[in-house]
Amino acid sequence: MDKIRGEQIVKMRYLWFIGGALLGFLVGTFSAPLQASDENGDTFCLAQNIYFESANQPLAGKIAVAEVVVNRVEHPSFPSTVCDVVYQSKHMRINWKGNLVPVRNMCQFSWYCDGKSDLPTDSATWMLSMSIARQVLSGEYSGLTEGASHYHSTSVDPYWSDSLTYVVTIDQHIFYK
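Residues numbered from 1 in each chain as written. Predicted model: local features only at pLDDT ≥ 70, side-chain atom pairs only at ≥ 80, totals over all residues. Heavy atoms only, no water.

Moving on, we come to the pairing of strand S5 (residues 173-176). Residues His173 and Phe175 of S5 are buried on one face, and the alternating residues Ile174 and Tyr176, pointing to the opposite face, are buried as well. Inspection of the sheet shows strand S3 (residues 150-153) paired to S5 by four bridges, in the antiparallel sense. Within S5, the residue paired with Ser153 across the bridge is His173. One ladder, built from four bridges, connects strand S4 (residues 166-170) with S5; its direction is antiparallel. Paired with Val168 across the strands is Phe175, a residue of S5. Count of turn residues in the S4/S5 antiparallel hairpin: two residues, of which Asp171 carries a positive phi of about 55 degrees. (Buried < 20%, exposed > 50% of the residue type's maximum accessible area, 1.4 Å probe, protein only. Helix = DSSP H or I, 4+ residues; strand = E, 2+ residues; numbered from the N terminus. Pairing = 2+ DSSP bridges.)

Right, dumping it as structure tokens:
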């Protein structure tokens, strides 16, 4: 009797497993793909920049940082994709593993070549960054920076700031065009 019951339990577990796998397949097939899993997608790249450049800023600061990237994409002097703008570096080198990497402190956005990990560690801030990136790319926010193509922290005074037109200061960032 116990042997028959044990076989029934195994069959039930097998059926539940197959049913779960089928359900997972159907949900995956008929759902929109998650852009966060595409490390080369515009949303992911923009979210990385929002996360690392403005995680401690208010919503307006995060949107403004994202707008600068979009403004650069639309300007002929900069690369034509979000990821190319975000990962733009003056110099690249081959590291000890044979990979092409940016030279430290030679990137458009400091977080990309500061030698630290580029993986988000704060889930809530990362999810907010992804949401803002989607909204900015879909055009929900625009004009906050009036076309700014540059910004810097209030704690530094870069050589190029005098050659551009001041637009606005939002929390700890100053924006220019």
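Quick look at a nonpolar patch on the surface now. Residues Met92, Ile94 and Leu100 make up a contiguous nonpolar surface patch of roughly 310 Å² in combined accessible area. Structurally, the position occupied by Met92 is in strand S1 (residues 92-94). (Patch = residues over 30% accessible without salt bridge, like charges linked within 9 Å, V, L, I, M, F, W, Y side chains within 5 Å. Areas by Shrake-Rupley, 256 points an atom, 1.4 Å probe, with all protein chains shown as cover. Salt bridge = Lys/Arg side-chain N within 4 Å of Asp/Glu carboxyl O.)

Read across the sheet, three strands follow the order S3-S5-S4 without closing on themselves; strand pairing throughout is antiparallel. Of all the strands in the sheet, the pair left with one neighbour each is S3 and S4. Here the average twist between neighbouring strands, direction ignored, is 20 degrees. (Axes fitted to C-alpha atoms, helices over the stretch in contact; angles between N-to-C directions.)

Further remarks concern the packing of helix H2 (residues 42-54) against helix H3 (residues 59-73). It is at 9 Å that the axes of H2 and H3 come closest, and there the two elements cross at 130 degrees. It follows from the interaxial angle that H2 and H3 lie oblique. Seen along the crossing, H2 lies across H3 with a hand that is right-handed. Note on element contacts: H3 touches H2 through Gly61, Lys62, Val65, Ala66 and Val69, opposite Leu46, Asn49, Ile50, Glu53 and Ser54. Split by residue class, the contact of H2 with H3 holds five nonpolar, three polar and two charged. (Parallel < 35°, antiparallel > 145°, perpendicular 65-115°, else oblique. Left-handed = near helix turned anticlockwise from the far one by under 90°. Contact = heavy atoms within 4.5 Å. Nonpolar A, V, L, I, M, F, W, Y, C, P; charged D, E, K, R; others polar.)

The subject of this paragraph is the packing of aromatic side chains. For the coordinates displayed, the defined rule picks out 11 aromatic pairs. Both rings, one in Tyr51 and one in Phe52, keep their centres 4.8 Å apart while their planes meet at 80 degrees; by these two values the pair is edge-to-face. Phe52 gets classed as partly exposed once you look at its relative accessible area, which sits at 26%. A ring pair is formed by Tyr166 and Tyr176, whose centres lie 6.4 Å apart and whose planes are at 80 degrees; its orientation type is edge-to-face. Taken as a pair, Tyr166 in strand S4 and Tyr176 in strand S5 lie far apart in primary sequence, 10 residues in all. Classification of Tyr176 by relative accessible area gives buried; the value is 9%. (Phe/Tyr/Trp six-rings, centres within 6.5 Å; stacked < 30°, edge-to-face > 60°.)

As a further point, take the state of the cysteines. For the structure shown, the criterion picks out two disulfides. The partner cysteine of Cys45 in its disulfide is Cys83, sulfur to sulfur 1.9 Å. Disulfide Cys45 to Cys83: torsion about the S-S bond roughly 90 degrees, handedness right-handed. One end of the pair, Cys45, is in helix H2; the other, Cys83, is in helix H4 (residues 82-86), and 38 residues separate them in sequence. One disulfide in the model links Cys107 with Cys113; its S-S distance is 2.5 Å. The same class applies to Cys107 as to Cys113, namely buried. Here the cysteine-cysteine linkages of the chain are recorded as 1-2, 3-4, numbering only bonded cysteines and doing so in sequence order. (Disulfide = S-S within 2.5 Å.)

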